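# Analysis of the macromolecular model
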Amino acid sequence: MRAAYLTRRRVVVVTAALLVLLLASLLAAAGIGPVPASLWRALAPGAAGTTDYVIVVQTRIPRVLLAGVVGAALATAGAGFQGLLANPLADPHVLGISGGAAVFGAAVLVLGVDPVSPIVPLVAFLGALGAMTVVVLVARTGGRTTPHALLLVGVVMNAIAAALIMLVNAVASYRQAQGVLFWMMGALTTQDYFLVALVGAYAIVGAVVLLRHAAALNLLAAGEESAASLGVDVERVRRAVFVAAALLVGAAVSVSGMISFVGLIVPHVLRLALGPDLRLLVPASFLFGATFLVWADTVARTVLGPAELPVGVITALLGGPFFLFLLRRSLRGGPR
Amino acid sequence: MTAPGAALVVLALLAGCDGAAPPPRAAGAARVVVLAPSATETVFALGAGDRVVGVCAQCDYPAATAKLPKLGGYLTPSVEAVVGVRPDLVIVVPSPGNREAVRAIERAGVRVLVVQDRTLDDLFTSIAAIAGALEVSDAGGRLAADLRSRLDAVRARVASQPRARVLLVVGHSPLIVAGGGTLQGELVEIAGGTNVAADVGNAFPQVSLELVVARAPDVILDAAMGTEEGGRALFAQLTTVPAVANGRIVSVGSDVLFRAGPRVPEAAAALAAAIHPG
């Protein structure tokens, strides 16, 4: 599909349509679950304390909202990384940031902290920041951070993180190791409304920062030198975008483990449909990323009957083949 | 009592009644390596602990195992360490992780006995198999009979109580519970409970919090790694669940519960005390 020239009207129309789609999806997902419960009875006045209320309001809605904010954060970060690195295969997980979060999270789990405790997301978030700092510092040469170096350092960081997790698991007891494995698999569970709101706030702030640099990133995509000649402070833009995207990934990973491919699929589908302009791609990824993960998690919650699948299984099964398809196209030199 | 179990006891009785002196011969394997915590406990309970020359890193009961060489992980044994202690019998539990190692041990000419350790039936089958390999079948029969009578004693203690609806949690985030076909589910039934997740699917399914609301257990047994407070916080909002409303979330975090070994009566008694206190 050939994308039309980006106008303000087009941004408003597309964003509004995706927002309506997201709100409808949130409402629908709140009505679907492994257990029958009436959304209307749960939300009726005086319903507090009924089974419907506890199922829908205390367990299902916080989970659906968490899926939304995690999906929004991952997809927005993906759009940012892909723009930043000028690489269609860049994914938040490729840069080693989630690896850092996972190492720290696994370490505190083995030390006996309960996975339910808010300490785990906090520490995982610190791990993401630590990994991000290392990636930026190492990838910087002569005051510049090139996409190439970022990707390479990220790959190595992931390898180190994977090894550290294996090491932590090897010294942990068998049951602790299993607990770490489950935590890392990429699963959404019901969380506190407060934690959901916190991750949501991160997602919004990160998306706003990315959006502010979207025009500069568009120019960067046309080439570093021409962007610089048009007055873009290339280094400053790169650093701001990287930090914002890394914060988004850190917040998402800290509450959901390694949910892969959301950050890859969503920006790509949208780029095919809407064109490469990041001023539209960033808000569109935010809204459609939320919609995508809400539905993926709804499938994960219900497809096996009362038992659940980790949502990472659904996103990887959809994303893996899609990744191969993209790779094949880029190898053939097809259009991006 | 199941048919094979009964047959086993009969065999044991026959063996016991055999008054004639047994023919002199080597009493089974003399140098034994055991690579699963459950099977290690069984070998010691059969009185053959002095023949054990190596165990797995997770084999920590009875106390005598502390002095034995650790020959690699439960699911990741070290082939050369095992072969190095020159065993004539290696007892393992099957898993995808140790398949290649077990094949290599067999290629080195060592006899390997594979036993299952998922359910109570597995336990009684493995007691018979291990006792057979160690040629201590009398002890095997006595151990099995003793375990059955102690499990029956737990059943008898809770027989007069109404059966409680029980959810047994083994992981907090994501929420993992004991489903059907598990040792833990069987022990809950023996301890006077009904496992409300028995139909949910594979052995340890991941479930949503809303399923807990729908199944409304009377008692939540929390056997997850982590903390007691973590478990309470997880379920605190589910005010319609009787276990939450009545403060019946009980920590039962003990390794005994996860081993289909000779300490299952202790695990059953602990669960009975948690489900039907007083």
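Criteria and cut-off values
Residues numbered from 1 in each chain as written. Chains lettered and ligands numbered in written order. Predicted model: local features only at pLDDT ≥ 70, side-chain atom pairs only at ≥ 80, totals over all residues. Heavy atoms only, no water. Helix = DSSP H or I, 4+ residues; strand = E, 2+ residues; numbered from the N terminus. Rg over C-alpha atoms; globule rule 2.2 N^0.38 Å. Buried < 20%, exposed > 50% of the residue type's maximum accessible area, 1.4 Å probe, protein only. Contact = heavy atoms within 4.5 Å. Areas by Shrake-Rupley, 256 points an atom, 1.4 Å probe, with all protein chains shown as cover. Lys, Arg positive; Asp, Glu negative; His and termini not counted. Charge placed at Lys NZ, Arg CZ, Asp CG, Glu CD. Phe/Tyr/Trp six-rings, centres within 6.5 Å; stacked < 30°, edge-to-face > 60°. Lys NZ or Arg CZ within 6 Å of the ring centre and 35° of its normal. Pairing = 2+ DSSP bridges. Axes fitted to C-alpha atoms, helices over the stretch in contact; angles between N-to-C directions. Core = buried A, V, L, I, M, F, W, Y, C linked by side-chain atoms within 4.5 Å.

## Concerning the overall build of chain A
The secondary structure content of chain A amounts to 14 helices and three strands. Its C-alpha radius of gyration of 20 Å places chain A within 12% of the 20 Å reference for a compact globule of 336 residues. If you line up chain A on its principal axes, its C-alpha atoms span 65 × 55 × 35 Å. Relative to its full complement of 336 residues, chain A shows a buried share of 55%. For chain A, long-range pairs separated by at least 24 residues make up 76% of all intrachain contacts whose partners lie at least 6 apart in sequence. Of the roughly 14,400 Å² of accessible surface on chain A, 72% is carried by carbon and sulfur atoms. Both charge centroids of chain A, one from 21 positive and one from 11 negative side chains, sit 9 Å from each other.

## A word on the packing of aromatic side chains
One pass over the full model with this rule turns up two aromatic pairs over all chains. Where F81 of chain A meets F242 of chain A, the ring centres are 5.8 Å apart and the plane angle is 65 degrees; that geometry is what we call edge-to-face. Of the two residues, F81 of chain A sits in helix 3 (residues 51-85) while F242 of chain A sits in helix 11 (residues 234-256), which places them 161 residues apart along the sequence. R148 of chain B extends its terminal NZ or CZ atom over the ring of F124 of chain B, reaching a point 3.7 Å from the ring centre. Taking the ring centre of Y61 of chain B as reference, the NZ or CZ of R263 of chain B above it sits at 3.5 Å.

## Topic: the sheet that holds strand 1 (residues 32-34) of chain B
Hydrogen bonds between backbone groups are what pair the strands of a sheet, and the pairing can be parallel or antiparallel. Residues and elements named next belong to chain B. Pairing is parallel across the open sheet formed by four strands, whose spatial order is 2-1-3-4. Since the sheet does not close on itself, it has two edges, and those belong to strand 2 (52-55) and strand 4 (112-114), each with one partner. Along the sheet, successive strands turn relative to each other by an average axial angle of 20 degrees, direction set aside. Here strand 3 (residues 89-92) runs beside strand 4; their pairing, made up of three bridges, is parallel.

## A short note on the nonpolar core
Counting residues in hydrophobic clusters, the biggest one holds 101 residues, and the most contacted among them are V70, F81 and F242 of chain A. Contact partners of F242 of chain A, with chain neighbours within four places excluded, come to F81, L84, L95, I97, M132, V135, V136 and L150 of chain A. Counting 73 residues, the second-largest nonpolar core is a separate cluster that includes L123, A178, V219 and V264 of chain B.

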